[in-house]
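Each chain, letter by letter, is given below.
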Amino acid sequence: MTQPVSEILTLTHGGWGANLIDCLKMVAGEIHGVSDLALMPVDTMGEFYEKVKARVEAMPAGSLIIADFTGGSTSNVAARLSADFDIGVITGLNATLMLAALDMRDEGRLADQVDDLVDVGRNSFKNIVKSLQQR
Amino acid sequence: MAKIVLCRIDSRLIHGQVVTKWVGQSQANRIAVVSDELDADPFMKNIFMMAAPPNIKVDCFGVAGFCQQWREDQLGAGNVLVLFPNLASVRQAVIDGFDIAQIQVGGLGGGPGRKVVFQNITLDDADETVLRDLQERGVDVYFQTIPEDKPQKLADILKRL
């Protein structure tokens, strides 16, 4: 029996994740099963929690939430939902991380690969000028 | 006796604006969250403790527990950023002896029947009653979401209702 492919939900301040997803089509081609939910300034924690919960309920088990930064309401709400749903949560959304997550869906449930994704995220930052000088 | 470097009302408690802006701006090395609801929810409490920047000690209190601690030793030592989720809990704390001179209103959430008074800060009738009460008690209340905003005096805010 094959399990359903993990989906990816980004939670971003003001909804910039939607832009990221859209623009990554330039590198990744058509992107399916990936969506963004915007945290808007007027949202209360409760409202935002309910919105995210409704979205997570419709996602296959083992899916992944990527919140934009640690300590924001986006990561706080995702953390809260992890108590009740079979999902992985990672913070620190960026293009490299998203592209890796898209690829890693083929390997299986993203929720089981969060530590690997954290490594990808860490390694995505590089002092390019310094790296060049050391060559 | 701790130094209260900032006392803020923010329905989101420890979140983006607080973590990235106010902790640094106020030079706090501790955060005290005062919320009966959070105090009764150990899992959520853990999440907020994790949300704080490293090197910042977080304590969570119910309103009664906070006031008791305040009366005992003014929260001990350090530079404390005190966070309340709403006006009602602040008012209760002030009545119970939290003699704070200045309170910043940063965010009260949204909802039907609430009027926008500054940026994304909204007030309803119950909030107005509490604000006038705090004003009469001599507490200096101002509205400011992020440090880049010009602080708004309560008297000016009340004129917009």
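About the cut-offs
Residues numbered from 1 in each chain as written. Chains lettered and ligands numbered in written order. Predicted model: local features only at pLDDT ≥ 70, side-chain atom pairs only at ≥ 80, totals over all residues. Heavy atoms only, no water. UniProt positions renumbered as here; feature names shortened; annotations may be inferred. Phe/Tyr/Trp six-rings, centres within 6.5 Å; stacked < 30°, edge-to-face > 60°. Helix = DSSP H or I, 4+ residues; strand = E, 2+ residues; numbered from the N terminus. Buried < 20%, exposed > 50% of the residue type's maximum accessible area, 1.4 Å probe, protein only. Axes fitted to C-alpha atoms, helices over the stretch in contact; angles between N-to-C directions. Parallel < 35°, antiparallel > 145°, perpendicular 65-115°, else oblique. Left-handed = near helix turned anticlockwise from the far one by under 90°. Contact = heavy atoms within 4.5 Å. Nonpolar A, V, L, I, M, F, W, Y, C, P; charged D, E, K, R; others polar.

Looking up chain B in an unreviewed UniProt entry gives the name PTS sugar transporter subunit IIB, with the organism given as Jeongeupia naejangsanensis. Under Subcellular location (unreviewed entry), UniProt gives the following word-for-word description of chain B: "Cytoplasm".

As recorded in an unreviewed UniProt entry, chain A goes by PTS fructose transporter subunit IIA and comes from Jeongeupia naejangsanensis.

*Asks:* Help me understand the packing of aromatic side chains, please; the structure alone is not making it clear to me.
*Replies:* A ring pair, where both rings are aromatic, is described by two values, the distance of the centres and the angle of the planes. Residue and element names in this part refer to chain B. Under the counting rule described, the total for this entry stands at five aromatic pairs over all chains. Look at F66 and F84: their rings are 5.9 Å apart centre to centre, the planes differ by 85°, and that puts the pair in the edge-to-face class. In this pair, F66 is assigned in helix 4 (residues 63–73) and F84 in strand 4 (residues 79–84), connecting sequence segments 18 residues apart. Across this residue pair, the class does not change: F66 and F84 are buried. Members of the aromatic cluster, joined through ring pairs, are F61, F66, W70, F84 and F98.

*Asks:* Just to check I follow, could you spell out the packing of helix 2 (residues 45–57) of chain A against helix 3 (residues 73–81) of chain A for this structure?
*Replies:* A pair of packed helices can be characterised by two numbers: the angle between their axes and the separation between those axes. Residue and element names in this part refer to chain A. As a packed pair, helix 2 and helix 3 sit with axes 10 Å apart at the nearest point and diverge in direction by 55°. It follows that helix 2 is oblique to helix 3 by the angle criterion. Regarding helix 2 and helix 3, the two cross each other, and that crossing is right-handed. Mapping the contact onto sequence places M45, F48, Y49, V52, K53 and V56 in helix 2 and S73, T74, N76, V77, R80 and L81 in helix 3. By residue class, the composition of the contact of helix 2 with helix 3 is seven nonpolar, three polar and two charged.

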